[in-house]
Amino acid sequence: MININSELQIKNSVFKNRVIVPPMASQTADELGYVTNETLNHYHRLATSDASLVLVEYSYVSLDGKSEPKQLGIDSYEKVMGLRQLSNMIKQTRVLAGIQLVHAGAKSTSELTGGKLIAPSPISTPVKGQELEIPLQATLADIEKLKKDFIRAAKIAVHANFDVIEIHAAHGYGINQWLSPITNQRTDQYGGTLYNRARILFEIVSEIRALFPKLIISVRIPGQDHFENGTTTTDSILISKKLVYLGVDIINVSSGIGGWRRPRDRRGEGYLVEDARRIQKHINAPVIGVGGIKTKKYIEENLQNKSFSFAAIGRAILENPIMGKQLLTR
Ligand SMILES: Cc1cc2nc3c(=O)[nH]c(=O)nc-3n(C[C@H](O)[C@H](O)[C@H](O)COP(=O)(O)O)c2cc1C
């Protein structure tokens, strides 16, 4: 019977167990987005959890998609060396290394990006307790640039020896703004129907897959926006099916425009797993479930009832990485 220590092979990599560390911004990069010693130490600590995969935090694919001052960047080949040190250090502990690629879109400030904010439509992204800037509507040239930025970032990740790349399409950041009817009100081929709203994501994924047939690609998608008139879990099922068809290996199910924190109507351990379960039932690829997960019992029950194939443990491992090891050995 499947348990927390069951291996799973994806492409050429063996995931040694069913626990992964999800991306968590550490604010340890320098002001230009380079890996520092603090970054290396931080991820060395997370890797001692003995999870099968550590996903390095959201890293901006271009300066105009940066959203925090000490955010890690994956926007230039000059960063390959530091990123390679980071992936090698994680892999030396027999843990697979992944990195999340993000463009913040309108969920940033023009001060931080050093210019304008670009998003699908001139609509400010709703964030609790904050009034964000109204972005400019992306032109077709901006869309081409955005796609190129993601593709260059994937190339940098491969040069830097990462096993997995993850496209961040959740938590209200850039790609989520394209997926959501709240923030995407375009009338061209990148707006309107669900397929049109997801077109930019589909195009990015297809190009990366064509360039790197053996690379493990994960997409972090919103299980739903958790916002009135936002994307629904049915939308996410359809998007996930298409992503898997295009060659995506892992679907990491989190939340949408409302951000990663627990939605008001969700309780307890695995507060976002309900969405993951619905998606896992419909696709033939591993799904990652998340949200306050911390016990072996919960993980094994949900592996056995096929709610997910991997459990992401974020804050509990951040607080005490040894907790991961204890779950896996007990
Ligand atoms: C400090 C911190 C930073 C985070 N940064 C990211 C990030 O870079 N990318 C992302 O997709 N999620 C990010 N998240 C969300 C986590 O990946 C995870 O989904 C969330 O913490 C819920 O899981 P947990 O209850 O196990 O902590 C962050 C969470 C925390 C606590």
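Everything discussed here concerns the structure shown above.
Rules behind the numbers
Residues numbered from 1 in each chain as written. Predicted model: local features only at pLDDT ≥ 70, side-chain atom pairs only at ≥ 80, totals over all residues. Heavy atoms only, no water. Helix = DSSP H or I, 4+ residues; strand = E, 2+ residues; numbered from the N terminus. Expected span 1.5 Å × (residues − 1). Buried < 20%, exposed > 50% of the residue type's maximum accessible area, 1.4 Å probe, protein only. Contact = heavy atoms within 4.5 Å. Near = heavy atom within 4 Å. Polar contact = N/O pair within 3.5 Å; in protein donor to acceptor, adjacent residues only side chain to side chain. Areas by Shrake-Rupley, 256 points an atom, 1.4 Å probe, with all protein chains shown as cover. Nonpolar A, V, L, I, M, F, W, Y, C, P; charged D, E, K, R; others polar. Core = buried A, V, L, I, M, F, W, Y, C linked by side-chain atoms within 4.5 Å.

Colleague: It is not clear to me how helix α7 (residues 233-245) should be interpreted in this structure. Could you clarify?
Modeller: Note that an α-helix has 3.6 residues per turn; residues three or four places apart therefore point the same way. In a regular helix each residue adds 1.5 Å, so 13 residues correspond to 18 Å; α7 covers 18 Å between its end C-alpha atoms and thus fits that length. For α7, the set of buried residues is Thr233, Asp235, Ser236, Ile237, Ile239, Ser240 and Leu243. Buried residues along α7 sit in contact with α5 (174-179), α6 (194-211), β9 (216-222), β10 (250-254) and α8 (273-282). The first or second residue beyond α7 is Gly247, which carries a positive phi of 110°.

Colleague: When you look at the site of the ligand in this model, what are you seeing that I'm missing?
Modeller: Close contacts around the ligand come from 17 residues, with Pro23, Gln100, Gly292, Gly314 and Arg315 the closest. Note that a nitrogen atom of the ligand is positioned 2.8 Å from one of the side-chain N or O atoms of Gln100. Interatomic distance of 2.8 Å between a side-chain N/O atom of Arg220 and an oxygen atom of the ligand. Contact with the protein chains removes 90% of the 610 Å² of surface that the ligand exposes when unbound. The class makeup of the residues in the shell around the ligand is nine nonpolar, six polar and two charged.

Colleague: Looking at this structure, I do not really get the nonpolar core. What am I missing?
Modeller: One broad trend across soluble globular proteins is that nonpolar side chains are buried collectively. Judged by nonpolar contacts, the single largest core of 81 residues is most densely connected at Leu101, Ile165, Leu201, Ile208, Leu243 and Ile299. Discounting chain neighbours no more than four positions away, the residues touching Leu243 are Leu201, Phe202, Val205, Val219, Ile221, Val248 and Ile251. Of all hydrophobic cores here, the second largest spans 15 residues; its members include Ile216, Tyr271, Val290 and Phe310.

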